Amino acid sequence: MNSPSPEPSLRAYLLGRRPTSQPGQPGRWLVERDLLDRSDGTRGTFSGVAIFTPTDDGGLALREEGTMRWPTFTGPASREYVLKPLPQPDALDVFFPDGRPFHRMGFAPGTSQDSHWCDPDTYRVSYTRQGPDAFSYSWDVTGPRKDLLLVSRLARITA
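Described in the following lines is the structure provided in the data block.

### Points about the nonpolar core
Soluble, globular proteins show a tendency: their nonpolar side chains are buried together.
Working step 1: Counting residues in hydrophobic clusters, the biggest one holds 28 residues, and the most contacted among them are Leu 14, Trp 29, Phe 52, Leu 83, Met 105 and Phe 135.
Working step 2: When sequence neighbours within four positions are dropped, the list of residues in contact with Leu 83 reads Leu 14, Phe 52, Gly 59, Leu 60, Leu 62, Leu 92, Asp 93, Val 94 and Met 105.

### So, the sheet that holds strand β10 (residues 147–156)
Working step 1: Across the sheet, 10 strands lie side by side as β6-β5-β4-β3-β2-β1-β10-β9-β8-β7; this open sheet has antiparallel pairing. Bordering the open sheet on either side are β6 (101–106) and β7 (113–118), each of which pairs with just one other strand. Each strand axis lies, on average, 25° off the axis of its neighbour in the sheet, ignoring direction.
Working step 2: Across nine bridges, strand β1 (residues 27–37) lies against β10 in antiparallel orientation. Within β10, the position partnered with Leu 30 by the bridge is Ala 155.

### Observations regarding the packing of aromatic side chains
Both the distance between ring centres and the angle between the ring planes are used here to describe each pair of aromatic rings.
Working step 1: Counted by the stated rule, this structure contains 13 aromatic pairs.
Working step 2: For the pair Tyr 13 and Phe 107, a centre-to-centre distance of 5.5 Å together with 85° between the ring planes defines the contact as edge-to-face. Remark: Phe 107 occurs in the loop between β6 and β7 and Tyr 13 occurs in helix α1 (residues 10–15); sequence separation between them is 94 residues. With respect to class, Tyr 13 is no different from Phe 107; both count as buried.
Working step 3: Pairing Tyr 123 with Trp 139 gives two aromatic rings, centres 6.0 Å apart and planes at 75°, and the pair type is edge-to-face. Within this pair, whereas Tyr 123 is found in strand β8 (residues 121–131), its partner Trp 139 is found in strand β9 (residues 134–142), the two being separated by 16 residues in sequence.
Working step 4: Clustering of aromatic rings is evident, with ring pairs tying together Tyr 13, Trp 29, Phe 107, Tyr 127, Phe 135 and Tyr 137.
Working step 5: Note that Arg 100 overlies the ring of Phe 96, its terminal NZ or CZ placed 4.3 Å from the centroid.

Parameters at a glance
- Residues numbered from 1 in each chain as written.
- Predicted model: local features only at pLDDT ≥ 70, side-chain atom pairs only at ≥ 80, totals over all residues.
- Heavy atoms only, no water.
- Core = buried A, V, L, I, M, F, W, Y, C linked by side-chain atoms within 4.5 Å.
- Buried < 20%, exposed > 50% of the residue type's maximum accessible area, 1.4 Å probe, protein only.
- Contact = heavy atoms within 4.5 Å.
- Pairing = 2+ DSSP bridges.
- Helix = DSSP H or I, 4+ residues; strand = E, 2+ residues; numbered from the N terminus.
- Axes fitted to C-alpha atoms, helices over the stretch in contact; angles between N-to-C directions.
- Phe/Tyr/Trp six-rings, centres within 6.5 Å; stacked < 30°, edge-to-face > 60°.
- Lys NZ or Arg CZ within 6 Å of the ring centre and 35° of its normal.

In short, shape yes, function no, at least from these values alone.
Listed below in structure tokens is the structure:
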């Protein structure tokens, strides 16, 4: 169950606004992700860091980098997204770097779940806020090409 959010906005939560934090300072999170291909039982992991950097439009740039471990590959992996503000402060719209829409991110009942159709598969995401310094999300990917479960756990880097 999502716990109530004492932060004024999702953006502030991701940046980690604390009395000692500097305006414009990125929010840094450790990421641990379990990867499961349900079609054949293959398992893998991703370990790394997610960095949320403020943008001039009130949104965030997200860069994730780390190491992916899969039976056929072990090595560096990264990805980037652009998070755009919405009228309600408890959610952000997530876009691919080229501007294509991806999904909505949030922890409130109306924004904690979303989906994205990537022809011919459907990606369903569910976000859960686990406290002031931790959250998780899972992607359930189904369709004729993919049958995946991707579970990510993030913990704020406070030092």
